[in-house]
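Each chain is listed here by its residues.
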Amino acid sequence: MTRIAPDRDNPHSHGHVCVKGTSALDIAYDPDRLLRPMRRVGGPGEFEPVSWDEAMTDIAGRLADIMRRGGADAVANYIGNPTAYSNGAQVSIRPFLAHFGIWKMFSAATQDATARMMASYLAYGSAFRFPIPDLDRCDFLLVIGANPLVSHGSALTAPRIREDLDAIAARGRVIVVDPRETETAQRYEHVPITPDTDIWMLAAMINTLFADDLVDLEAARAIATGVDELRERLAFVTPDLAERYCGVPAARIAQLARDFAMAPRAAAYSRVGLCRGSFSTLAVVLHDALNLLAGKFGAVGGSVFGDSPIDLTRVRPTGVETRETRFGPKAYVASNLHFSMLADEILTPGKGRVGAFLMESGNIVLSAPGGSRLEEALDALELFVAHDLYINETNRYAHYILPGATFLERADVPTIGLPHMVRPFAQYTDAVIPPQGETRNEHSIFNDLGRRLHDHLVADPGASLYQRECAPLFDPVSKIDGHMRDGGFEIEVGGVREALSIDLLARHPHGLALAEGLTCTNSLSKVVTADGLVHLWNPILEPEVERLHAAAPPAPGELRLFSIRTLKSMNSWLHNVDKLVRSQRPALMIHPGDAAMCRLVDGARAQVSSAAGMIEVDVRVTASVARGAVCYPHGWGHRGGNWRRANGVEGANVNLLADPRAGDAISASSLLDGIVVEVTPV
Ligand SMILES: Nc1nc2c(c(=O)[nH]1)N[C@H]1C(S)=C(S)[C@@H](COP(=O)(O)OP(=O)(O)OC[C@H]3O[C@@H](n4cnc5c(=O)[nH]c(N)nc54)[C@H](O)[C@@H]3O)O[C@H]1N2
Ligand SMILES: Nc1nc2c(c(=O)[nH]1)N[C@H]1C(S)=C(S)[C@@H](COP(=O)(O)OP(=O)(O)OC[C@H]3O[C@@H](n4cnc5c(=O)[nH]c(N)nc54)[C@H](O)[C@@H]3O)O[C@H]1N2
Ligand SMILES: [Mo]
């Protein structure tokens, strides 16, 4: 490879590519990249190369031994963000774990989406029904806690999203509710809000709809249950009350509700900024209720379900349950446990203690709350195996790091975005280069480990925990091909109708547009609750309303921390690519009024402390952040990994301020936005 360039013949992106994507070349050929399996030979971060066979023999033997002693309860797993765009990871990791009965699963989802999943499960019957705005025909888009001009849309796939939003703004309005005047807010309309208080604004908007007779009750009751319960439970949240909590003027909240309801083609869209507060499930439920009560659910130009050519519920777990754990009954949301339990599972002695940990493309010491305690826990493991492109802050504690192949080194059919595409599209891509060095893709590792672990456990006469006839075997591309064929999705190409398959996609290397746009009006048919209706209310939310009644408004002078992402960063990585990182200097953004209160000036150093921890940061004084709020990008504070450029960047680990035990218990989501902090000059 010499260059990565956009594909102008791609019918979906029409030649748009993100700067992060073109940097993949620098990563594939990064001299710091891991190209051979590594074995720990001393303290954290001390490794020597080892052969695959030696590594896998030892890993499988030790894993089998741990499972013989402690059963599947003795093993935990973390699935990091990059697995989302690897189909090999999607179809192999969870099935591998399920095959061996391993259920203690943790993932980045508790840091970005379990509240969304929980709300979807309650309302629509599946954790993976995420409504998306029909951008093509929407004239009024209300964006809450998302920054699509930087993130490029999350659970919303539209490669040229800025053009889509510009078109909506030209036809009507795009309004962004966010504690910061983000890149998106700046381009359109901004409603500043105090972090972790959207619930008040949403409840007050819903109340305004009822009060002003803007809800078509008959239409709402025809598609949803719980309309009256929701109305009754939240009746106390008037716009005046909401203003005291969220800082948005009451008149503005009420007007926003009316404008939203009255716009014929409107949709509310929310992402991570609504998913990491102290009431995140209820907040997301209210967000969806706002759409439905205003008549926007399943409407053309409204909030709808996408038209995926395959049913992803067959690829991913979509249920929610309560699991009995060593720490009492806990939410298990689409097979995700609350992140705080990971360190507890490792550090708490007794039956069921986790001794083995498998981490797939993650960096939880930086990306998740409670990094310091986590380091202690990781260091206490009997067996820690990571799969990554680099030695990072987390896997430096591993006993083995297996070298991963980048997306340029594997054939793939990305599936995760399929249900969220504003213009349905699919593409199969061949590997561009072979796996570099001795690197391997996820499914090949899990096939290998699966075979070896199977042999160990089957050969053990005393092992009652495992009685499978054959080892698991994963073939991601053919698996998706099967799902496509089973789905019966047909498409007309060049005047001929043909069933969607990998073969068809392979004949169209630029990708295939599957439809002009979304159907929208078929959304109700995608609801999979027992009665086929949307459930706006669930008894599980009752205690949440009680908590809401008891919650106090932000104290005067209180500062609430939230985090942001930047265009040239990807969570805790891509920081070894000089062209991306050289323009970045993480800093705490603070409003001039709050800066004066804290005796801080632009460029100063400050100490930020919370009940959980303390960090030192550079300060940027800017009126783009709301009063009472401060923010810092996440994913920084590199040290101890082998990424030399990244280690040289200034910055702190903002998650040291997050309390791993805080958050929304019903969705197992972390509290990352709205952490109360004190900021003092250094
Ligand atoms: N405070 C705060 N914390 C946050 C967030 C926030 O906004 N604020 N955001 C949260 C969100 S949304 C997420 S998704 C998480 C992400 O957090 P994690 O899931 O922990 O993932 P990353 O930080 O993206 O780290 C990815 C690792 O995977 C490796 N990697 C990249 N590509 C591949 C590959 O193809 N194969 C293999 N084997 N490895 C690969 C990289 O080298 C890197 O070490 O962070 C969360 N943490
Ligand atoms: N360039 C880039 N793109 C990315 C990523 C990346 O790291 N870099 N990460 C990817 C990943 S893993 C994900 S999950 C997606 C996330 O996609 P988005 O959700 O669009 O990403 P964010 O930029 O984190 O947007 C969240 C917004 O919520 C705001 N916010 C914080 N707290 C609150 C609050 O209490 N209320 C409200 N209303 N808003 C709040 C923040 O200021 C921020 O603007 O982005 C993906 N895309
Ligand atoms: Mo994420």
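Residues numbered from 1 in each chain as written. Chains lettered and ligands numbered in written order. Predicted model: local features only at pLDDT ≥ 70, side-chain atom pairs only at ≥ 80, totals over all residues. Heavy atoms only, no water.

A. How the structure looks around the overall build of the protein. Scanning the protein from N- to C-terminus turns up 26 helices and 29 strands. Taken along the three principal axes of its C-alpha coordinates, the protein extends 70 × 70 × 55 Å. Going through the 682 residues of the protein one by one, you find that 60% of them count as buried. Of all intrachain contacts in the protein linking residues separated by at least 6 positions in sequence, the fraction that spans at least 24 positions is 76%. The protein carries 66 positive and 81 negative side-chain charges, and their two centres are separated by 2 Å. (Helix = DSSP H or I, 4+ residues; strand = E, 2+ residues; numbered from the N terminus. Buried < 20%, exposed > 50% of the residue type's maximum accessible area, 1.4 Å probe, protein only. Contact = heavy atoms within 4.5 Å. Lys, Arg positive; Asp, Glu negative; His and termini not counted. Charge placed at Lys NZ, Arg CZ, Asp CG, Glu CD.)

B. Spotlight on the site of ligand 2. As a matter of local geometry, ligand 2 sits amid 30 residues, with S151, D178, D196, D198 and S569 nearest to it. A distance of 2.7 Å separates an oxygen atom of ligand 2 from a polar side-chain atom of S151. A distance of 3.2 Å separates an oxygen atom of ligand 2 from a polar atom in the backbone of V272. When ligand 2 is considered free in solution it has 910 Å² of accessible area, and contact with the protein chains removes 96% of it. Put simply, the parts of the chain that give the shell around ligand 2 at least two residues each are α7 (148-151), α15 (272-275) and β22 (559-564). Looking at the shell around ligand 2 residue by residue, the classes come out as 11 nonpolar, 11 polar and eight charged. (Near = heavy atom within 4 Å. Polar contact = N/O pair within 3.5 Å; in protein donor to acceptor, adjacent residues only side chain to side chain. Areas by Shrake-Rupley, 256 points an atom, 1.4 Å probe, with all protein chains shown as cover. Nonpolar A, V, L, I, M, F, W, Y, C, P; charged D, E, K, R; others polar.)

C. Main features of the packing of aromatic side chains. Using the criterion set out here, one finds 15 aromatic pairs in the structure. Centre to centre, the rings of F100 and Y466 are 5.1 Å apart; their planes meet at 15°, and the pair counts as stacked. Remark: Y466 occurs in the loop between α20 (442-459) and α21 (476-487) and F100 occurs in the loop between α4 (87-99) and β4 (104-107); sequence separation between them is 366 residues. There is no split in this pair, since F100 and Y466 are both buried. Site record: aromatic cluster; members linked through ring pairs are F96, F100, F446 and Y466. (Phe/Tyr/Trp six-rings, centres within 6.5 Å; stacked < 30°, edge-to-face > 60°.)

D. Layout of the pairing of β22. Taking burial as the measure, the six residues of β22 include six buried ones, the bulk of the element. Judged by which residues are buried, β22 turns out to be covered on both faces: L559, L561 and S563 on one side and R560, F562 and I564 on the other are all buried. For β22 and strand β29 (residues 675-681), the ladder comprises three bridges, and the chain directions are antiparallel. Bridge pairing in β29 places L561 opposite I675. Examined bridge by bridge, β22 and strand β26 (residues 629-633) share five bridges and lie parallel to one another. (Pairing = 2+ DSSP bridges.)

E. The arrangement of the sheet that holds strand β16 (residues 400-403) in detail. Spatially, seven strands are ordered β2-β1-β16-β15-β14-β3-β4 in an open sheet, and the strand pairing comes out mixed. At either end of the open sheet lies a strand with only one pairing partner, and these are β2 (47-49) and β4. For this sheet, the mean inter-axis angle between neighbouring strands, taken without regard to orientation, is 20°. (Axes fitted to C-alpha atoms, helices over the stretch in contact; angles between N-to-C directions.)

F. Up close: the site of ligand 1. Contacts to ligand 1 come from 32 residues, most closely from S367, D388, S563, S572 and N655. Side-chain polar atom of R276 to an oxygen atom of ligand 1: 3.0 Å apart, as the coordinates give it. Measuring from an oxygen atom of ligand 1, one finds a backbone N or O atom of N363 at 2.8 Å. Relative to its free-state accessible area of 930 Å², ligand 1 is covered by the protein chains to the extent of 98%. Broken down by secondary-structure element, the contributors of at least two residues to the shell around ligand 1 are α5 (109-112), α18 (364-367) and β15 (383-388). Residues that form the shell around ligand 1 fall into these classes: 11 nonpolar, 14 polar and seven charged.

G. Representation of the side chain of D307 in the model. Checked against the element boundaries, D307 lands in the loop between β11 (303-304) and β12 (320-325). For D307, a relative accessible area of 14% corresponds to the buried category. Here the side chain of D307 touches T519 through a polar contact of 2.8 Å, landing on its backbone nitrogen. Discounting chain neighbours no more than four positions away, the residues touching D307 are P424, G517, L518, T519, N522 and K526.

H. Quick look at the nonpolar core. If you look at the biggest cluster of nonpolar residues, it comprises 78 residues, and the most contacted ones within it are L142 and L293. No other element matches the 10 residues that helix α10 (residues 198-211) contributes to this core. Apart from residues no more than four positions distant in its own chain, L142 is found in contact with I175, V177, M205, L256, F260, A267, A268, Y269 and L290. Listed in part, the 65 residues of the second largest apolar core include Y78, Y332, L402 and F474. (Core = buried A, V, L, I, M, F, W, Y, C linked by side-chain atoms within 4.5 Å.)

I. The pairing of β16, seen in detail. Of the two faces of β16, the one lined by Y400 and L402 and the one lined by I401 and P403 are each fully buried. Relative to β16, strand β1 (residues 38-40) runs antiparallel, the two being bridged by two bridges. Counted as the bridge partner of M38 is I401 from β16. Of the pairings in the sheet, the one linking β15 to β16 comprises four bridges and is parallel in character. Bridged to D388 within β16 is P403.

J. Summary view of the state of the cysteines. For the coordinates displayed, the defined rule picks out zero disulfides. Distance from the sulfur of C275, which forms no disulfide, to the nearest cysteine sulfur (C246) is 18 Å. By relative accessible area, C275 is classed as buried at 2%. (Disulfide = S-S within 2.5 Å.)

K. Just helix α6 (residues 114-124), in detail. When you tally the buried positions in α6, you get 10 out of 11 residues, the bulk of the element. Within α6, the full set of buried residues consists of T114, A115, R116, M117, M118, A119, S120, L122, A123 and Y124. A positive phi of about 90° marks G125, the residue just after α6.

L. A look at unusual backbone geometry. Non-glycine residue D213 carries a positive phi angle of around 60°. Checked against the element boundaries, D213 lands in the loop between α10 and α11 (217-223). In this structure D213 comes out as exposed when scored by relative accessible area, which is 66%. Positive phi outside glycine occurs at N571, with the angle close to 45°. Here N571 is to be found in the loop between β22 and α24 (578-581). Accessibility expressed as a relative area gives 18% for N571, which makes it buried.

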